[in-house]
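# Chain and residue survey
Residues per chain are reported as follows:
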Amino acid sequence: MRLYFSTTSPYARIARVALAEKGFADDIDGALTDPWKDDQGLLAANPSARVPALVLDSGLPLSESLLIVLWLETRHPVPSLLGAAPERAISRSGVAMGAIDAAASIIIGRRLDPAVDESPFGKRRRRSIVNAFERLEADPPELSGDAADLAVIATVVLVDYIRFRFAGAPWLPAIPRLDALASQARGRTSFSSTMPRDMPAT
Ligand SMILES: N[C@@H](CCC(=O)N[C@@H](CS)C(=O)NCC(=O)O)C(=O)O
């Protein structure tokens, strides 16, 4: 399997962590790709030229982080990424994904307007992040069992992405329970080996 990914993308990290939690880390041919540079392999795999894109051994390309998780869960159900309480996991995952989308849209918005963070649009997206943090901090997912479930994966990816992209931002609320979860998750190779970092210079 070939996975197109970048080291900054929270969506790609969800796919990478999910693949690792399912035990596929060694079966992945990782294709480090800047999606903004229109890599031809990525474009062939995903017409939207976005990471992640996973090309199966059959040649069939899969895109969209949560659809890659859906494929994994369908084809390789054990260990489950939905844990013991699937509906709660899906509900919390939705909260985290909304905030990841909000954060990513600010980062993309900076390409068009460096002052986007302080714009009405940026503040609306910041509110999404703050609201999601408060919701998740009040009732955080727990890391236990055979594998991290999707709620843990999405929440930790969110926390680490916000710390990476908005370090020290004064509008961020304190999230000690989520920080503790992210710190605990780093004890697993799936998370520690995929921490967000700037893309290497080419
Ligand atoms: N909904 C998609 C979002 C993927 C996405 O937006 N990836 C970004 C990187 S964080 C990307 O490749 N952007 C390039 C572009 O928008 O052209 C998913 O869940 O996989």
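This text follows the structure it describes.
Right, let's walk through the structure included here. Since the structure is predicted, the reported quantities are computational estimates derived from the model, not experimental observations. Counting restarts for each chain: residues are numbered from 1 in the order of the written sequence. With the structure being a predicted model, the display of local features is reserved for residues of pLDDT at least 70 and the display and counting of side-chain atom pairs for 80 or more, all residues being used for whole-chain, interface and lining totals. Think of the side-chain values as coming from all heavy atoms in the structure, minus any hydrogens and water.

## Observations regarding the overall build of the protein
Broken down by element type, the protein carries eight helices and four strands. Put simply, DSSP H or I for four residues or longer makes a helix, DSSP E for two residues or longer makes a strand, and each gets a number counted from the N terminus. Each helix (α) and strand (β) of the protein, taken in turn from the N terminus, gives the series β-α-β-α-β-β-α-α-α-α-α-α. Using C-alpha atoms as the atom set, the radius of gyration is obtained and then compared with a globule rule of 2.2 Å times the number of residues to the power 0.38. The C-alpha atoms of the protein give 16 Å as radius of gyration, which agrees with the globular expectation for 202 residues (17 Å, within 12%). Taken over the C-alpha atoms alone, the protein extends approximately 45 × 40 × 25 Å along its principal axes. Remark: exposure states derive from per-residue accessible area (1.4 Å probe, protein chains only) relative to the maximum for the residue type, with buried under 20%, exposed over 50%, and partly exposed in between. The buried share among the 202 residues of the protein stands at 50%. Should any heavy atoms of two residues lie within 4.5 Å, those residues are considered in contact. Here the analysis covers contacts within the protein between residues at least 6 apart in sequence; of these, 71% occur between residues at least 24 apart.

## Focus: the packing of aromatic side chains
Pairs were defined over the aromatic rings of Phe, Tyr and Trp, the Trp ring being its six-membered one, requiring ring centres within 6.5 Å. Orientation was assigned from the angle between planes: stacked under 30 degrees, edge-to-face over 60, tilted for the rest. Inspection of the entire model under this criterion finds one aromatic pair. For the pair Phe166 and Trp171, a centre-to-centre distance of 5.6 Å together with 75 degrees between the ring planes defines the contact as edge-to-face. The same class applies to Phe166 and to Trp171, which are both buried. The criterion for a charge sitting over a ring is simple: Lys NZ or Arg CZ within 6 Å of the ring centre, and within 35 degrees of the ring normal. In this structure, Arg111 is placed above the aromatic ring of Trp36, and the distance from its NZ or CZ to the ring centre is 3.9 Å.

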